[in-house]
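# Structural features, examined
So you can see what is in the structure, the chains are spelled out below.
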Amino acid sequence: MRSMLPAVAEQLFRDIQKTYQETSQIPNDLLIALRFVFGSCALQALDLVDQRSVTCLSSPSGRKAFQVTGGSGTLYTCFLSCHYCPCPAFAYTVLRRNEGLLCKHILAVYLCQAMAVTQQESVSDQQMSTLLSRTAAL
């Protein structure tokens, strides 16, 4: 699947993945780059990663959704395939004002995947269908 992110963001995630695999940490230069590319939500996303707040839900049909527990405890269901999160920050900052690429929840998903620390959970196709239906109703 082709990412909808700018090339600089894709390269940054590749660099983080490579470095994290080798050293189990993200060096300062990549942290600074994260802040430069993604702004203030970078630190909040890293906090969500540290808290292991991201779970990948996978169904037998191959569908995937990510659930991220936000700082307030609210559970957000995010979709990387269309870069969607139902949080207010995504609606306002990303969609309405076009001032950011991602919200902290979607950024946390990308970071967890790059660092291979995403929690995994299998769900049935019926459960995934229900989850998608609930999200579409928001």
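It should be noted that the structure appears before, not after, this text.
Now for a quick tour of the structure. Note that this is a predicted model, so its numbers are computed, not measured.

Cut-offs used in this document
Residues numbered from 1 in each chain as written. Predicted model: local features only at pLDDT ≥ 70, side-chain atom pairs only at ≥ 80, totals over all residues. Heavy atoms only, no water. Salt bridge = Lys/Arg side-chain N within 4 Å of Asp/Glu carboxyl O. Helix = DSSP H or I, 4+ residues; strand = E, 2+ residues; numbered from the N terminus. Buried < 20%, exposed > 50% of the residue type's maximum accessible area, 1.4 Å probe, protein only. Arc of directions from axis to C-beta. Contact = heavy atoms within 4.5 Å. Pairing = 2+ DSSP bridges. Axes fitted to C-alpha atoms, helices over the stretch in contact; angles between N-to-C directions. Parallel < 35°, antiparallel > 145°, perpendicular 65-115°, else oblique. Left-handed = near helix turned anticlockwise from the far one by under 90°. Nonpolar A, V, L, I, M, F, W, Y, C, P; charged D, E, K, R; others polar.

Right, let's talk about the pattern of salt bridges for a bit. Opposite charge on two side chains lets them pair, provided their charged atoms get close. Within the structure shown, the criterion is met by three salt bridges. For Arg14, the salt bridge goes to Glu10, with nearest N and O atoms at 3.9 Å. With Arg14 and Glu10 both in helix H1 (residues 7-23) and four residues apart, this pair spans about one turn of that helix. Note on Arg14: relative accessible area 42%, which makes it partly exposed. For Glu10, a relative accessible area of 14% puts it in the buried group. The salt bridge involving Lys18 is made with Glu22; its shortest N-O contact spans 3.0 Å. Of this pair, Lys18 and Glu22 both sit in helix H1, four residues apart, which is roughly one turn of that helix.

We now examine helix H3 (residues 41-50). Here H3 has its buried residues at Cys41, Ala42, Ala45, Leu46, Leu48 and Val49. On an axial view of H3, the arc spanned by its buried residues comes to 155°, and they lie on one face. Exposed residues pointing more than 90 degrees away from the buried face of H3 are listed as Leu43 and Asp50. Arg52 occupies a position one or two residues after H3 and carries a positive phi of about 55°.

The next thing to look at is the environment of Leu5. Residue placement: Leu5 occurs in the segment before H1. With relative accessibility at 7%, the residue Leu5 sits in the buried group. The spatial distance from the C-alpha of Leu5 to the C-alpha of His83 is 9.1 Å, given a sequence separation of 78 residues. The residues touching Leu5, leaving out its near neighbours within four places in the chain, are Glu10, Phe13, His83, Leu102 and Tyr110.

Our next topic: the sheet that holds strand E4 (residues 119-122). Read from one edge to the other, the open sheet built from four strands follows the order E3-E2-E1-E4, with strand pairing classed as mixed. Each edge of the open sheet is held by one strand with a lone partner, namely strand E3 (75-78) and E4. For this sheet, the mean inter-axis angle between neighbouring strands, taken without regard to orientation, is 25°. Pairing analysis gives five bridges linking strand E1 (residues 54-58) to strand E2 (residues 64-69), with the strands arranged antiparallel.

What follows covers the packing of H1 against helix H5 (residues 104-115). At a minimum axis separation of 8 Å, H1 and H5 run at an interaxial angle of 40°. With respect to each other, H1 and H5 are oriented oblique. Between H1 and H5 lies a crossing of right-handed hand. Across from Phe13, Ile16, Gln17 and Tyr20 in H1, the residues of H5 making contact are Leu107, Tyr110, Leu111, Ala114 and Met115. Split by residue class, the contact of H1 with H5 holds eight nonpolar, one polar and no charged.

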